[in-house]
Amino acid sequence: MKNILVIDDNENMLKMMCDLLSRSGYGVFPAMDGAQGLDMYYAHRPDLVITDLIMPDKEGLEVIMELAKLTPKPKIIAISGGGKLGPQTYLPLAEMLGADHILEKPFHPSELIDYVKDLLV
Ligand SMILES: [Mg+2]
């Protein structure tokens, strides 16, 4: 079974994504912020990381920068609804820093699953 780490400070979003992914047959590790997410990454070495960008403590961009330094680099999907500057600013930055796919909130569940399948073949 492929395992996915999901990081989002919004509890409802986190639960929605984790339910969706586990119903689709993936193992799921949920985390509520970037610091907790990185701890979980090192503890479980999941195949894919899905991370929100705007979070307290440690932001998604910092998580992506740290993961991008690893060999092999884990697969990463960045999701964001924006913040002050909007998703148009943060999502392309996430892609530059190492995200394999970016997804703007709100998104349809099938969009997320399509990206996950694309990265976990
Ligand atoms: Mg957030």
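Residues numbered from 1 in each chain as written. Predicted model: local features only at pLDDT ≥ 70, side-chain atom pairs only at ≥ 80, totals over all residues. Heavy atoms only, no water.

Draft legend 1. The arrangement of the coordination of the magnesium ion in detail. The protein atoms donating to the magnesium ion are Asp9 (OD), Asp52 (OD) and Ile54 (O), with metal-donor distances spanning 2.0 to 2.2 Å. Expressed as a motif, the donor residue spacing for the magnesium ion is D-x42-D-x1-I. In this pair, aspartate 9 sits in the loop between β1 (3–7) and α1 (11–23) while aspartate 52 sits in strand β3 (residues 48–52), placing the two residues 43 residues apart along the sequence. What makes aspartate 9 partly exposed here is its relative accessible area of 29%. In this structure aspartate 52 comes out as buried when scored by relative accessible area, which is 3%. (Donors = N, O, S within 2.8 Å, 3.2 Å for Na, K, Ca; no water. Helix = DSSP H or I, 4+ residues; strand = E, 2+ residues; numbered from the N terminus. Buried < 20%, exposed > 50% of the residue type's maximum accessible area, 1.4 Å probe, protein only.)

Draft legend 2. Fine view of the sheet that holds strand β4 (residues 75–80). Here 5 strands make up an open sheet; going across it, the order is β2-β1-β3-β4-β5 and the pairing parallel. At either margin of the open sheet sits one strand with a lone partner, and together these are β2 (27–31) and β5 (101–104). Strand-to-strand twist in this sheet, taken as the mean axis angle between neighbours without regard to direction, amounts to 15 degrees. In the sheet, β1 pairs with β2 via 5 bridges, with the strands oriented parallel. (Pairing = 2+ DSSP bridges. Axes fitted to C-alpha atoms, helices over the stretch in contact; angles between N-to-C directions.)

Draft legend 3. The nonpolar core, seen in detail. Membership of the largest hydrophobic core comes to 20 residues, with the highest contact counts inside it found for Ile4, Ile50 and Val116. If one sorts the elements of this core by residue count, α1 sits on top with 6 residues. If we ignore the near neighbours within four places in the chain, the residues touching valine 116 are Ile4, Leu21, Tyr26, Leu48, Ile50 and Ile77. In this structure, Ile7, Val63, Ala78 and Leu91 belong to the second largest nonpolar core, which totals 18 residues. (Core = buried A, V, L, I, M, F, W, Y, C linked by side-chain atoms within 4.5 Å. Contact = heavy atoms within 4.5 Å.)

Draft legend 4. Region of interest: helix α5 (residues 109–119). The set of residues buried in α5 consists of Leu112, Ile113, Val116 and Leu119. In a view along the axis of α5, the buried residues occupy a sector of 130 degrees, so they form one face of it. (Arc of directions from axis to C-beta.)

Draft legend 5. Structural detail: the packing of aromatic side chains. Tallied over the entire structure, the rule returns 1 aromatic pair. Ring geometry for tyrosine 41 versus tyrosine 42: centroids 5.6 Å apart, planes at 80 degrees, classification edge-to-face. Looking at tyrosine 42, the relative accessible area reads 33%, which means it is partly exposed. (Phe/Tyr/Trp six-rings, centres within 6.5 Å; stacked < 30°, edge-to-face > 60°.)

Draft legend 6. Main features of the side chain of aspartate 33. Within the secondary structure, aspartate 33 is located in the loop between β2 and α2 (34–44). The side chain of aspartate 33 sits in the buried core without any salt bridge; lysine 58 is the nearest counter-charge, 8.9 Å away. At 2.9 Å, the side chain of aspartate 33 forms a polar contact with the backbone nitrogen of glutamine 36. Sequence-distant contacts of aspartate 33, that is, excluding residues within four places in its chain, are made with Ile7, Met55, Pro56, Asp57 and Lys58. (Lys, Arg positive; Asp, Glu negative; His and termini not counted. Salt bridge = Lys/Arg side-chain N within 4 Å of Asp/Glu carboxyl O. Polar contact = N/O pair within 3.5 Å; in protein donor to acceptor, adjacent residues only side chain to side chain.)

Draft legend 7. View of α1. Across its 13 residues, α1 extends 18 Å between first and last C-alpha, which sits within 8% of the 18 Å expected from 1.5 Å per residue. Restricting attention to buried positions, one finds in α1 the residues Met13, Leu14, Met17, Cys18, Leu20 and Leu21. Seen end-on, α1 carries its buried residues on one side only, within an arc spanning 165 degrees. Opposite the buried face of α1, by more than 90 degrees, sit the exposed residues Glu11, Asn12, Lys15 and Arg23. (Expected span 1.5 Å × (residues − 1).)

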